[in-house]
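# Understanding the architecture of this molecule
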Amino acid sequence: MVLAMTKNSVPEKLAFLDLNHQDFEALRSLRPVLEDHADHFVAVFYRHLLSFDETRELLMDAEVKRRLLLKQREYLLSLTDGVVDDAYVADRLRIGYTHMRVGLGPGWYLGAYALYMKLLVPIVLESYRHEPARLEHALLAMYKILMLDSQLAMEAYIERRQQQLEYLNRELGEASRQLRQVYDQQSDELRQTSQRAQAAEELASVATLVAGLAHEIGTPMGVIQGHAELLESSVHDERGRWRLQTIRDQIDRIANIIQTLLNMARPEAREHIPVDLEAVLHRSLAFLSEKFRSRGVEVQLSIEGPTQTIGDAEKLQQLFLNLFINAADAMPEGGDLTVRAFPTANQRIAIEVTDTGQGMPDDVRARAFEPFFTTKEAGHGSGLGLMVVEGIVRDHGAQIAVESTPGKGTRFVLTFPPA
Ligand code: HEM
């Protein structure tokens, strides 16, 4: 354990230095001697401080010099006050703090106590040269009080240093807390990024798999398709032709599903040019006119206001084809398909697609955009249509909403940003 020298009381300090009444008496009687020599003392002390770069630097300012000379003189004479109490200690600590404040290291101001002794000894010697006992007393008393002051200077230094260290420690703690926060945040982001990267990677490998599969299935399907076509000329009875037609229809469906999978697996670079939604709607409806006619679906298209948006006409056509096919499938007994384009209150383009089909209960509607979710009977729907729709909607900065009433029909509302 280190003995704490910094916190002992004034009487204890005095007792340890053996600074006693006789010493104070001796110091008091030195007063007139020091008054006589004070100016010279301070001048020599100051000259000494000027002869070192570091100490000189602190004394460039004329005002500081004036104060310093004055304070040094006061300090020198205060040594002969012959009183050491709490106020004395506080004053000495304050002097120490001042030196810390001006950036003076303890090596300099403690070193200057040697200079004090060096300058004081000849003065006392000369004054008491005929009184050896008095001389000895005076020198010893001077030595003890300067030791006390240098000890207090040291205490001031240690105290300030400790405060600085505690402050730095707190700052360090705070800095490390902040660093920790940044670190946590970054590792969070990193984790998310790597999760996303992993998901993208998995998606890519699924995409590769899908592409390979599509290719593998596509080849034999082409063969089947070709043979079905060849058979057509040699099959003449109604049932046989109907069967052949069914084979070709189903192959078309498979081809469609494969195309959808391929589109998802390798999203083509999307174009970003002005597209007229009105033209896209006309074209998509025209593609399906035969389907509508055979189902007994009546189509109505009405356009109001501008319908130019920015995007990819191919993709948008894919979107509407999907919606219209779903509508037709929802009306096996026929019905009405109403398509309306009109401007919304905030100048976006709304496209409303309404059918009078079977509609969807809430639980089905809630899952309608999920991949591979379908209510069509097995073998009749890929369950990817609305998922593709949603992807295209998102790519175009558009929104899609759906309302449906079982037995009454379904209404999709899409809103596109204007070009
Ligand atoms: C025995 C050594 C020394 C003693 C007893 C002493 C004494 C003092 C005293 C009494 C003050 C006034 C403090 C206050 O009122 O707050 C002071 C201030 C100062 N001292 Fe010392 N000093 C010593 C060594 C040095 C040394 C080696 C330098 C080196 C340049 C120095 C530079 C200064 C400066 C720059 C100030 C501040 C002046 C101001 O801006 O008011 N001191 N010193």
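Scroll up to find the structure this text is about.
Definitions and limits used
- Throughout, residues of each chain are indexed from 1 in the direction in which the sequence is written.
- Side-chain atom pairs in this predicted model are given and counted only at pLDDT of 80 or more, local residue features only at pLDDT of at least 70, and totals for whole chains, interfaces and linings cover all residues.
- With hydrogens and water set aside, each side-chain value is computed from the structure's full complement of heavy atoms.
- Secondary structure counts use DSSP, requiring at least four H or I residues in a row for a helix and at least two E residues in a row for a strand, with both numbered from the N terminus.
- What the globule rule says is 2.2 Å times the number of residues to the power 0.38, and the radius of gyration is computed from C-alpha atoms.
- Buried residues are those whose accessible area, probed at 1.4 Å on protein chains only, stays under 20% of the maximum for their type, while exposed residues exceed 50% and partly exposed ones sit between those limits.
- The contact rule is simple, with two residues in contact once any of their heavy atoms fall within 4.5 Å.
- Each axis is a line fitted through C-alpha atoms, taken for helices only over the stretch in contact, and angles between the N-to-C directions span 0 to 180 degrees.
- Handedness of a crossing is defined here by the sense of rotation of the near helix relative to the far one, left-handed for an anticlockwise turn of less than a right angle and right-handed for a clockwise turn.
- Polar here means any residue outside two lists: the nonpolar Ala, Val, Leu, Ile, Met, Phe, Trp, Tyr, Cys and Pro, and the charged Asp, Glu, Lys and Arg; Gly therefore counts as polar.
- Only nitrogen, oxygen and sulfur atoms qualify as donors, provided they sit within 2.8 Å of the metal or within 3.2 Å for Na, K and Ca; with water excluded from the atoms, sites may seem incomplete.
- Note on terminology: a nonpolar core comprises buried Ala, Val, Leu, Ile, Met, Phe, Trp, Tyr and Cys residues joined through side-chain atoms within 4.5 Å.
- Only centres within 6.5 Å qualify two rings of Phe, Tyr or Trp (six-membered ring in Trp) as a pair; their planes then separate them into stacked at under 30 degrees, edge-to-face at over 60, and tilted for everything else.
- Charge-over-ring placement is defined geometrically: NZ (Lys) or CZ (Arg) within 6 Å of the ring centre, and within 35 degrees of the ring normal.
- Each direction from the helix axis to a C-beta atom contributes to the arc, which is the arc of those directions.
- Whether a residue is near a molecule or strand depends on its heavy atoms: if one lies within 4 Å, it is near.
- N or O atoms closer than or at 3.5 Å make up a polar contact, with two conditions inside protein: a donor-capable atom paired with an acceptor-capable one, and, for residues adjacent in sequence, both atoms drawn from side chains.

Time to look at the overall build of the protein chain. Scanning the protein chain from N- to C-terminus turns up 14 helices and seven strands. Relative to the globule expectation of 22 Å for 419 residues, the C-alpha radius of gyration of the protein chain, 50 Å, shows a markedly less compact shape. Evaluated residue by residue, the protein chain yields a buried proportion of 36% over its 419 residues. Taking contacts inside the protein chain between residues at least 6 apart in sequence as the whole, the part at least 24 apart equals 75%.

It is the contact of helix α3 (residues 31–50) with helix α7 (residues 106–127), at a shortest axis distance of 11 Å, that shows an interaxial angle of 145°. For the pair α3 and α7, the sense of crossing is right-handed. Here Val 33, Leu 34, His 37, Phe 41, Val 44, Phe 45 and His 48 of α3 lie close against α7, whose contacting residues are Ala 112, Leu 115, Tyr 116, Leu 119, Leu 120, Ile 123 and Ser 127. Of the residues belonging to the contact of α3 with α7, the class tally is 11 nonpolar, three polar and no charged.

Once that is clear, we can look at the coordination of the iron atom of the ligand. Its sole protein donor being His 99 (NE2), the iron atom of the ligand sits 2.1 Å from that atom. Structurally, His 99 is set in helix α6 (residues 86–101).

Counting 51 residues, the largest nonpolar core has Phe 41, Leu 79, Tyr 116, Met 142, Ile 145 and Leu 146 as the members making the most contacts within it. Those elements giving two or more residues to this core turn out to be α1 (10–17), α2 (21–29), α3, α5 (62–78), α6, α7 and α8 (132–234). When residues in this core are grouped by element, the largest group, 11 residues, is from α8. Judged by nonpolar contacts, the second largest core, of 37 residues, contains Leu 288, Met 331, Val 364 and Phe 412.

Summarising the element assignment, Ala 43 is placed in helix α3. In this structure Ala 43 comes out as partly exposed when scored by relative accessible area, which is 35%. In this structure the C-alpha to C-alpha distance between Ala 43 and Gln 72, which are 29 residues apart in sequence, comes to 9.8 Å.

Turning to the packing of aromatic side chains, a few remarks are in order. Inspection of every chain in the model, using the stated rule, returns eight aromatic pairs. Between Phe 45 and Tyr 116, the ring centres sit 5.3 Å apart and the planes meet at 75°, which makes this aromatic pair edge-to-face. Of this pair, Phe 45 sits in helix α3 while Tyr 116 sits in helix α7, and the two are 71 residues apart along the sequence. Centre to centre, the rings of Tyr 75 and Tyr 116 are 5.6 Å apart; their planes meet at 80°, and the pair counts as edge-to-face. With a gap of 41 residues between them, Tyr 75 in helix α5 and Tyr 116 in helix α7 connect regions that are remote in the sequence. Each member of the pair, Tyr 75 as well as Tyr 116, carries the same accessibility label: buried. A network of ring pairs unites the aromatic residues Phe 41, Phe 45, Tyr 75, Tyr 113 and Tyr 116 as a single cluster. Directly above the ring of Tyr 97 sits Arg 160, whose terminal nitrogen or CZ lies 3.7 Å from the centroid.

Once that is clear, we can look at α2. All buried positions along α2 are accounted for by Asp 23, Phe 24, Ala 26 and Leu 27. Seen end-on, α2 carries its buried residues on one side only, within an arc spanning 160°. Among the exposed residues of α2, those pointing more than 90 degrees away from its buried face are His 21 and Gln 22.

Let us look at the site of the ligand. Near the ligand lie 19 residues; those nearest to it are Arg 67, Gln 72, Arg 94, Thr 98 and His 99. For the ligand, an oxygen atom lies 2.7 Å from a polar atom in the side chain of Arg 67. Within the side chain of Thr 98, a nitrogen or oxygen atom sits 2.6 Å from an oxygen atom of the ligand. Listed by contribution, the elements that provide at least two residues to the shell around the ligand are α5, α6 and α7. In terms of residue count, α5 provides more of the shell around the ligand than any other element does, six residues in total.

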